[in-house]
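Tertiary structure, described
As a plain string of letters, each chain reads:
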Amino acid sequence: GQQVKQSSPSLTVQEGGISILNCDYENDMFDYFAWYKKYPDNSPTLLISVRSNVDKREDGRLTVFLNKSGKHFSLHITASQPEDTAVYLCAADNSGGSNYKLTFGKGTLLTVTP
Amino acid sequence: GPKVLQIPSHQIIDMGQMVTLNCDPVSNHLYFYWYKQILGQQMEFLVNFYNGKVMEKSKLFKDQFSVERPDGSYFTLKIQPTALEDSAVYFCASSPGGARDTQYFGPGTRLLVL
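Residues numbered from 1 in each chain as written. Chains lettered and ligands numbered in written order. Predicted model: local features only at pLDDT ≥ 70, side-chain atom pairs only at ≥ 80, totals over all residues. Heavy atoms only, no water.

Across its full length, chain B holds 0 helices and 11 strands. From first element to last, N terminus to C terminus, chain B shows the α and β order β-β-β-β-β-β-β-β-β-β-β. Taken over the C-alpha atoms alone, chain B extends approximately 40 × 25 × 25 Å along its principal axes. A buried classification covers 47% of the 114 residues belonging to chain B. Expressed as a percentage of contacts within chain B between residues at least 6 apart in sequence, the contacts between residues at least 24 apart total 54%. Split by element, the accessible area of chain B, about 5,600 Å² in all, is 52% carbon and sulfur. (Helix = DSSP H or I, 4+ residues; strand = E, 2+ residues; numbered from the N terminus. Buried < 20%, exposed > 50% of the residue type's maximum accessible area, 1.4 Å probe, protein only. Contact = heavy atoms within 4.5 Å. Areas by Shrake-Rupley, 256 points an atom, 1.4 Å probe, with all protein chains shown as cover.)

Right, dumping it as structure tokens:
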């Protein structure tokens, strides 16, 4: 089965609102968690990442929350803008035990409407 | 930010023929990766490569697949012979030595095997 799941294939948010993207994982050995942003026919671009020794990390309008007991992490985007419209991919890795291979979710298409 | 280039962007090939996908990683990066994404599915790890050797490969990395990076040139994925199920988007990534989780991706090569 899928080790990293994004249960919402799509999300629509009004401009100025908060976008909340969710990701669940199964492997409790994962210790690195990341969010990538992808436009059509473009490279996935790393937005923000955390390691398992923290449960929150902020970077500008982006915040990652990590809930290890619930095997869940999320990306919050405040003051959402139309240019935030893209596919968001979550990814995780067991960096302590592997040669750094990311396990991805299927992605959530975020649409920010003016 | 750092850019990974992939050549070609699209490739159509007849089943049974050989194909080589080329990746120009970020200069000074030491670790290289290939991921495969079948339409509608998540990106999946194929293989990673360091110091001229494959470190780890997944079950998707069939015997018909091979990777190399001769003399610091392109990092290549060769499929010989191709099969219909090899149709997918193949993403290359690279990461620096000190932060192997931080993977920078190319835009992908769309391979269609007829």
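What follows is about the state of the cysteines. Tallying each qualifying case throughout the model produces 2 disulfides over all chains. Two residues share a disulfide in this structure: Cys 23 of chain A and Cys 90 of chain A, whose sulfurs sit 2.0 Å from each other. When the S-S torsion is 60°, as for the bridge of Cys 23 of chain A with Cys 90 of chain A, the disulfide is right-handed. Pair noted here: Cys 23 of chain A is in strand E3 (residues 19–25) and Cys 90 of chain A is in strand E9 (residues 86–93), with a separation of 67 residues, a long-range link. The buried category is assigned to Cys 23 of chain A, whose relative accessible area is 0%. Bridging Cys 23 of chain B to Cys 92 of chain B, the disulfide has an S-S length of 1.8 Å. Handedness of the Cys 23 of chain B-Cys 92 of chain B disulfide follows from its S-S torsion of about -65°: it is left-handed. A residue pair is termed long-range when its members are at least 10 positions apart, and Cys 23 of chain B in strand E3 (residues 19–24) and Cys 92 of chain B in strand E9 (residues 88–95) qualify at 69 residues. An identical accessibility class is assigned to Cys 23 of chain B and Cys 92 of chain B; each is buried. (Disulfide = S-S within 2.5 Å.)

Further remarks concern the side chain of Lys 36 of chain B. All names here are of chain B. In this structure, Lys 36 sits in strand E4 (residues 31–37). At 4.4 Å, Asp 86 is the nearest oppositely charged side chain to Lys 36, a buried residue that forms no salt bridge. Polar contacts involving the side chain of Lys 36 include one to the main-chain carbonyl oxygen of Glu 85, which spans 3.1 Å. The contact partners of Lys 36, leaving out residues within four places of it in the chain, are Gln 42, Met 43, Glu 44, Leu 46, Glu 85, Asp 86, Ala 88, Val 89 and Tyr 90. (Lys, Arg positive; Asp, Glu negative; His and termini not counted. Salt bridge = Lys/Arg side-chain N within 4 Å of Asp/Glu carboxyl O. Polar contact = N/O pair within 3.5 Å; in protein donor to acceptor, adjacent residues only side chain to side chain.)

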